[in-house]
Amino acid sequence: MMLAALVLTGCQESLEDRCEREAKDYTAKKCPALLTEGVTIDSLVFYKSTHTLTYYYTLSGVLDNAEALESHDFRSILLRELRNSPDLNLYKEAGYNFGYVYYSQKQRGTLLLNTTFRSKDYQ
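Residues numbered from 1 in each chain as written. Predicted model: local features only at pLDDT ≥ 70, side-chain atom pairs only at ≥ 80, totals over all residues. Heavy atoms only, no water.

Caption draft 1: Expanded view of the pairing of strand 3 (residues 52–59). The buried count for strand 3 comes to 8 of 8 residues, which makes it a mostly enclosed element. Across the two faces of strand 3 the burial is the same, with T52, T54, Y56 and T58 and L53, Y55, Y57 and L59 all buried. Where strand 2 (residues 39–47) meets strand 3, 8 bridges bridge the pair, whose relative direction is antiparallel. Its bridge partner being in strand 3, S43 is matched across the sheet by Y56. Linking strand 2 to strand 3, which pair antiparallel, is a turn of 4 residues; within it H51 sits at a positive phi near 50 degrees. Across 8 bridges, strand 3 lies against strand 4 (residues 97–104) in parallel orientation. Directly across from Y57, in strand 4, lies its bridge partner Y102. (Buried < 20%, exposed > 50% of the residue type's maximum accessible area, 1.4 Å probe, protein only. Helix = DSSP H or I, 4+ residues; strand = E, 2+ residues; numbered from the N terminus. Pairing = 2+ DSSP bridges.)

Put into structure tokens, the structure is as follows:
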């Protein structure tokens, strides 16, 4: 009985490992994917060293414009969505950081927005 308890305890996945696995699985199974017109998710990566779950996107069309993102206060929209996302509650409760990185489709490699929210931002 004691051996079974040790084996089960030893096999439990840490929250960090779970987040890393889920991010890799999501990327492998669902990326790239068009989320809405002009927004494609390219990957989801968990960085253990900083406890940051980072979403990488490519923007196209009218959204493919850094000034448009700033004028629509895109960062506030992202923060509101993060606060209201029940899917991320486990990671929010653990105090993880959430990064959002947006690149241009028309100017490949051009960074349009890079922002990270920490627990003090979304709680």
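Caption draft 2: Region of the structure containing the packing of aromatic side chains. If you walk through the whole model with that rule in mind, you get 8 aromatic pairs. Between the aromatic rings of Y55 and Y100, the centroid separation amounts to 5.3 Å while the plane-to-plane angle is 5 degrees, which identifies the pairing as stacked. Residue Y55 is located in strand 3, and its partner Y100 is located in strand 4; the two are separated by 45 residues in the primary sequence. Of the two residues, Y55 and Y100, both sit in the buried class. On the numbers, 5.6 Å between centres and 15 degrees between planes, the contact of Y91 with Y96 is stacked. Considered together, Y91 and Y96 belong to a single accessibility category, that of buried residues. One aromatic cluster is present, formed by Y55, Y57, F74, Y100, Y102 and F117 through successive ring pairs. (Phe/Tyr/Trp six-rings, centres within 6.5 Å; stacked < 30°, edge-to-face > 60°.)

Caption draft 3: Summary view of helix 4 (residues 74–83). Those residues of helix 4 lying buried are F74, L78, L79 and L82. Within helix 4, the buried residues cover an arc of 140 degrees as seen down the axis, which keeps them to one side. Buried-residue contacts for helix 4 involve helix 3 (66–71), helix 5 (89–93), strand 4, strand 5 (111–117) and helix 6 (119–122). (Arc of directions from axis to C-beta. Contact = heavy atoms within 4.5 Å.)

Caption draft 4: How the structure looks around the nonpolar core. Formed by 26 residues in total, the largest nonpolar core has its most connected members in L53, Y55, F98, Y100 and Y102. Mapped by element, the contributors of at least two residues to this core are helix 2 (15–30), strand 2, strand 3, helix 4, strand 4 and strand 5. Contact partners of Y100, with chain neighbours within four places excluded, come to Y55, Y57, L78, L82, L113, N114, T115 and F117. (Core = buried A, V, L, I, M, F, W, Y, C linked by side-chain atoms within 4.5 Å.)

Caption draft 5: View of the pattern of salt bridges. Tallied over the full model, the rule gives 6 salt bridges. Residues R21 and E13 are paired through a salt bridge, measuring 2.8 Å at the closest nitrogen-oxygen approach. Among the ionic pairs, K120 bridges to D121, the shortest N-O distance being 3.7 Å. Accessibility expressed as a relative area gives 68% for K120, which makes it exposed. Through salt bridges with shared partners, a single network forms among E13, R21 and D25. (Salt bridge = Lys/Arg side-chain N within 4 Å of Asp/Glu carboxyl O.)

Caption draft 6: Inspection of the sheet that holds strand 1 (residues 33–36) at higher detail. A sheet is described by the order of its strands in space; here 5 strands give the open sequence 1-2-3-4-5, paired in mixed fashion. Looking along the sheet, the strands with just one partner apiece sit at the ends: strand 1 and strand 5. With strand direction ignored, the average angle separating the axes of adjacent strands in the sheet is 30 degrees. Sheet contacts for helix 2: strand 1, strand 2 and strand 3; angle to strand 2, the most-contacted strand, approximately 155 degrees. (Axes fitted to C-alpha atoms, helices over the stretch in contact; angles between N-to-C directions.)

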